[in-house]
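Listed below are the residues making up each chain.
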Amino acid sequence: MTSNQFMFLLFSAVIVIFSILTVTSRRILRAATFLLFVLVSTAGLYFLLKYNYLAAIQLTLYAGGIVVLIIFSILLTSHISEKLPTAGLLKKWPAALVALVGAALCIVVILQYNFPGSVVDTEVVNVRDIGNSLISYGEKGYALPFEVISVLLLAALIGAIVLAKKRKD
Amino acid sequence: MAFNIYDFTSFTQSIDEALYEWLPPFWALIVEMTIIGLVFLIGYAIIGLFLVYAERKVCAFMQNRVGPNRVGPYGIFQTIADFIKLLMKELVYIKNSDKLLFNIAPFIVIIASFMAIAAIPFAKGLHAIDFDIGIMYVIAVTSLGVVGVLLAGWSSNNKYSLIGAMRSGAQIISYELSVGLSLLTIIVLAGTMQFSEVVELQSSGWFIFKGHIPACIAFVIFLIASTAETNRGPFDLAEAESELTAGFHTEYSGIKFAFFFLAEYMNMFIVASIAATVFLGGWMPFHIGSWEGFNYVMDFIPPLFWYFGKTAFIIWLMMWFKWTFPRLRIDQLLNLEWKYLLPINLVNILIMAFIVLMGWHF
């Protein structure tokens, strides 16, 4: 077993175990912490693929940004003694069924696909290239999606301000 | 570099080659990682102890006192004695806390700082990992530390801790922006995020001189914002001992408290090394453009000396802040970031981009 395979197995195990713990934990802050481990391990997988940029984005946005926001809102709203109620049987069985069917479908599809062995070495993606394609509009250019997302983000920001603003009446 | 004896590349490479010759690749990698881990652990212990001593001496100096002076000459063994005391203290067990999170929190804080220090170049070749996105990686992993602070505050089940964690969260999330943007200003100037290249580019002059006005503004903003991000005074309202007892780590004792304490000092060290590397040339000696003789003389001084000298200077600046400015209120703190630093920073990046486009930098 090479070290790459070992790390891949380690990260995958962490992702699988903590994903399950995230949805089964009855304490909401613990669930958020487990989610953090899942996201950090995903970043680890990206590092393994030498896609450092995406890994750093994953760490900043998801682990450092979104999870911190989730934890922050939990801090503001819930008390330490609170435990989420366990779901009733009526909810449990359909949920389990859907999850199992989804998992089975994915596994069947993945197993049927014949993955060709990787022949190309992983190469480091240059940040300069990513930056250039984000603002170019020719081939491999992402200027339009980039701008659309910016407008969406601006709309969300304005919406948040409007919602949070005190009404005068 | 004029002197090859100061270049550690061949030294580290020979160790690497020897290990791969003796051992199968998997075990060679494990041995390498263990060696690097041990080096960093020892470094953490020594630097941490030294910084605590330095802080107490600087504080005493600012307040016209003597500071620690009983254990060893000039009290240099005081922090070692304190450390032994901390190790032997009882770990207080809190009944109504969330034990899992309570125990995990100090580790998250210290692991985040360990991840950050891996990317910092100490000298040519003395670099645990040289990412092509080095600066961004450091920004990314330092933002993980706040999770530990938040978890510690909440899981202690203590009002003071919770308020401290809340303040710390708001503070770190806001000031992260300024840290990132001020570093981005220098990335615009350097055109790279790789630490080794950033240092190499400063061989003809440090970035704070090369980028003149915008670089100086970015340096000041980085110092302010990173002091806030490491929860140090005058931005230490997360601990605010006079109002919150000790904030998020009120309930921690013994070695777990030591973890928070060490992480705080190591974060200060990491932030100071980033400032030294990005703005003041890291291990690169002080060079002036084409003064051959002067540059040659400067090259005699070993890079480790330059690196630690610059870092120590910035740490001293941060200690100076802490012991001379009064603590900010939370609203003043957030105003400072969102109404002053952030707009200044955004304009500063534009100015820097303009200067780089026009070629007005040195």
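Since this is a predicted model, take the numbers as computed values, not measurements.

With respect to the overall build of chain B
Then, number 1: A count of helices and strands for chain B gives 15 helices and 0 strands.
Then, number 2: Whereas a compact globule of 362 residues would reach a radius of gyration of roughly 21 Å, chain B reaches 21 Å, a difference of no more than 12%.
Then, number 3: By principal-axis analysis of the C-alpha atoms, chain B measures approximately 65 × 55 × 45 Å.
Then, number 4: For chain B, the proportion of its 362 residues judged to be buried stands at 52%.
Then, number 5: Long-range pairs, those at least 24 residues apart, make up 79% of the contacts in chain B with a sequence separation of at least 6.
Then, number 6: Summed over its atoms, the accessible surface of chain B is roughly 16500 Å², and 72% of this surface lies on carbon and sulfur atoms.

Quick look at the overall build of chain A
Then, number 1: Counting its secondary structure elements, chain A contains 6 helices and 0 strands.
Then, number 2: Counting helices and strands in the order they occur from the N terminus, chain A gives α-α-α-α-α-α.
Then, number 3: Compactness check: chain A gives a C-alpha radius of gyration of 21 Å against a globular reference of 15 Å for 169 residues, more than 25% above the reference.
Then, number 4: Projected onto its principal axes, the C-alpha coordinates of chain A cover approximately 60 × 45 × 30 Å.

Side note on the side chain of B:Ser143
Then, number 1: Of note, B:Ser143 is situated in the loop between helix 5 (134-142) and helix 6 (145-155).
Then, number 2: Filtering out sequence-adjacent residues up to four positions away, B:Ser143 remains in contact with A:Leu59, A:Thr60, A:Gly64, A:Val68 and B:Glu176.

Observations regarding helix 7 (residues 159-190) of chain B
Residues and elements named next belong to chain B.
Then, number 1: Taking 1.5 Å per residue as the helical rise, helix 7 with its 32 residues ought to reach 46 Å, and the 46 Å between its terminal C-alpha atoms agrees with that figure.
Then, number 2: Counted residue by residue, helix 7 has 23 buried out of 32 residues, so it is predominantly covered.
Then, number 3: The N-cap of helix 7, judged by a side-chain oxygen 2.8 Å from the amide nitrogen of Tyr160 a few residues on, is Asn158.
Then, number 4: Looking one or two residues beyond helix 7, the residue adopting positive phi is Gly191, at roughly 75 degrees.

Remarks on the environment of B:Val356
Residue and element names in this part refer to chain B.
Then, number 1: By the secondary structure assignment, Val356 is in helix 15 (residues 330-358).
Then, number 2: Its relative accessible area of 25% is what places Val356 among the partly exposed residues.
Then, number 3: Through-space distance from the C-alpha of Val356 to that of Arg329 is 38 Å; in sequence the pair is 27 residues apart.
Then, number 4: Filtering out sequence-adjacent residues up to four positions away, Val356 remains in contact with Val188, Leu189 and His361.

A word on the environment of B:Phe235
Residue and element names in this part refer to chain B.
Then, number 1: Its place among the elements puts Phe235 in the loop between helix 10 (212-229) and helix 11 (241-244).
Then, number 2: Accessibility expressed as a relative area gives 5% for Phe235, which makes it buried.
Then, number 3: Once the C-alpha coordinates of Phe235 and Phe325 are considered, the two residues, 90 residues apart in sequence, prove to be 9.4 Å apart.

A short note on the interface of chain B and chain A
Then, number 1: Listed as interface residues are 34 residues of chain B and, on the opposing side, 34 residues of chain A.
Then, number 2: In this assembly, chain B packs against chain A so that about 2800 Å² is buried in total across both faces, 80% of it on carbon and sulfur atoms.
Then, number 3: Among the residues chain B hides against chain A, the three largest losses belong to B:Phe26, B:Trp154 and B:Met166. Together they make up 22% of the total.
Then, number 4: Where chain B meets chain A, there are 0 salt bridges.
Then, number 5: The interface formed by chain B and chain A includes 2 residue pairs in polar contact (both at pLDDT 80 or more).
Then, number 6: Elements supplying a minimum of two residues to the side of chain B that touches chain A: helix 2 (25-62), helix 4 (99-117), helix 5, helix 6 and helix 7 of chain B.
Then, number 7: Class assignment for the residues of the side of chain B that touches chain A results in 24 nonpolar, 7 polar and 3 charged.

As for the domain arrangement of chain B
Residue and element names in this part refer to chain B.
Then, number 1: For chain B, the domain assignment lists domain 1 (10-88) and domain 2 (92-358).
Then, number 2: Taking the mean C-alpha position of each, domain 1 and domain 2 sit 19 Å from one another.
Then, number 3: Each partner contributes residues to the interface: domain 1 has 17 residues there, and domain 2 has 28 residues.
Then, number 4: The tally of links from domain 1 across to domain 2 stands at 2 salt bridges.
Then, number 5: In this assembly, domain 1 and domain 2 are joined by 5 residue pairs in polar contact (both at pLDDT 80 or more).
Then, number 6: Elements supplying a minimum of two residues to the side of domain 1 that touches domain 2: helix 2 and helix 3 (78-88).

A few points about the domain arrangement of chain A
Then, number 1: Splitting chain A by domain gives domain 1 (1-86) and domain 2 (126-169).
Then, number 2: Its C-alpha centre places domain 1 of chain A at a distance of 26 Å from the equivalent point of domain 2 of chain A.

Quick notes on the packing of aromatic side chains
Residues and elements named next belong to chain B.
Then, number 1: Counted according to the given criterion, the structure contains 24 aromatic pairs over all chains.
Then, number 2: Each ring, one from Phe26 and one from Trp27, has its centre 5.5 Å from the other, and the planes form 85 degrees; the classification is edge-to-face.
Then, number 3: Its relative accessible area of 48% is what places Trp27 among the partly exposed residues.
Then, number 4: Judged by centre distance (4.2 Å) and plane angle (10 degrees), the ring pair of Phe102 and Tyr252 falls under stacked. In this pair, Phe102 sits in helix 4 while Tyr252 sits in the loop between helix 11 and helix 12 (254-279), placing the two residues 150 residues apart along the sequence.
Then, number 5: In this structure Phe102 comes out as buried when scored by relative accessible area, which is 4%.

Structural notes on the pattern of salt bridges
Residues and elements named next belong to chain B.
Then, number 1: Scanning the model with the defined rule gives 4 salt bridges over all chains in all.
Then, number 2: Measuring nitrogen to oxygen at the nearest pair gives 3.0 Å for the salt bridge that ties Arg232 to Glu55. Linking Arg232 in the loop between helix 10 and helix 11 with Glu55 in helix 2, this pair joins segments that are 177 residues apart in sequence.
Then, number 3: Judged by relative accessible area, which is 0%, Arg232 ranks as buried.
Then, number 4: One salt bridge in this structure joins Asp331 and Arg329, with 2.9 Å as the shortest N-O distance.

Overview of empty space enclosed by the protein
All names here are of chain B.
Then, number 1: Counted by the stated rule, this structure contains 2 cavities of 30 Å³ or more.
Then, number 2: Broken down by secondary-structure element, the contributors of at least two residues to the lining of the largest cavity are helix 4, helix 5, helix 6 and helix 12.
Then, number 3: If one sorts the elements of the lining of the largest cavity by residue count, helix 12 sits on top with 6 residues.
Then, number 4: What the second largest cavity holds in volume is close to 60 Å³.
Then, number 5: Looking at the second largest cavity, the residues that line it are Val138, Ile139, Thr142, Val179, Leu183, Phe222, Glu229, Val271 and Ile274.
Then, number 6: Among the secondary structure elements, those contributing two or more residues to the lining of the second largest cavity are helix 5, helix 7, helix 10 and helix 12.
Then, number 7: The leading source of residues in the lining of the second largest cavity is helix 5, at 3 residues.

Conventions and cut-offs
- Residues numbered from 1 in each chain as written.
- Chains lettered and ligands numbered in written order.
- Predicted model: local features only at pLDDT ≥ 70, side-chain atom pairs only at ≥ 80, totals over all residues.
- Heavy atoms only, no water.
- Helix = DSSP H or I, 4+ residues; strand = E, 2+ residues; numbered from the N terminus.
- Rg over C-alpha atoms; globule rule 2.2 N^0.38 Å.
- Buried < 20%, exposed > 50% of the residue type's maximum accessible area, 1.4 Å probe, protein only.
- Contact = heavy atoms within 4.5 Å.
- Areas by Shrake-Rupley, 256 points an atom, 1.4 Å probe, with all protein chains shown as cover.
- Expected span 1.5 Å × (residues − 1).
- Polar contact = N/O pair within 3.5 Å; in protein donor to acceptor, adjacent residues only side chain to side chain.
- Buried area = accessible area lost by both parts, 1.4 Å probe.
- Salt bridge = Lys/Arg side-chain N within 4 Å of Asp/Glu carboxyl O.
- Nonpolar A, V, L, I, M, F, W, Y, C, P; charged D, E, K, R; others polar.
- Domains from an automatic or database assignment.
- Phe/Tyr/Trp six-rings, centres within 6.5 Å; stacked < 30°, edge-to-face > 60°.
- 1 Å grid on protein atoms, 1.4 Å probe; cavity = no way out; pocket = protein on both sides within 12 Å on 5 of 7 lines; lining within 4 Å.
- Points joined across faces, edges and corners; volume = space filled by probe spheres on them.

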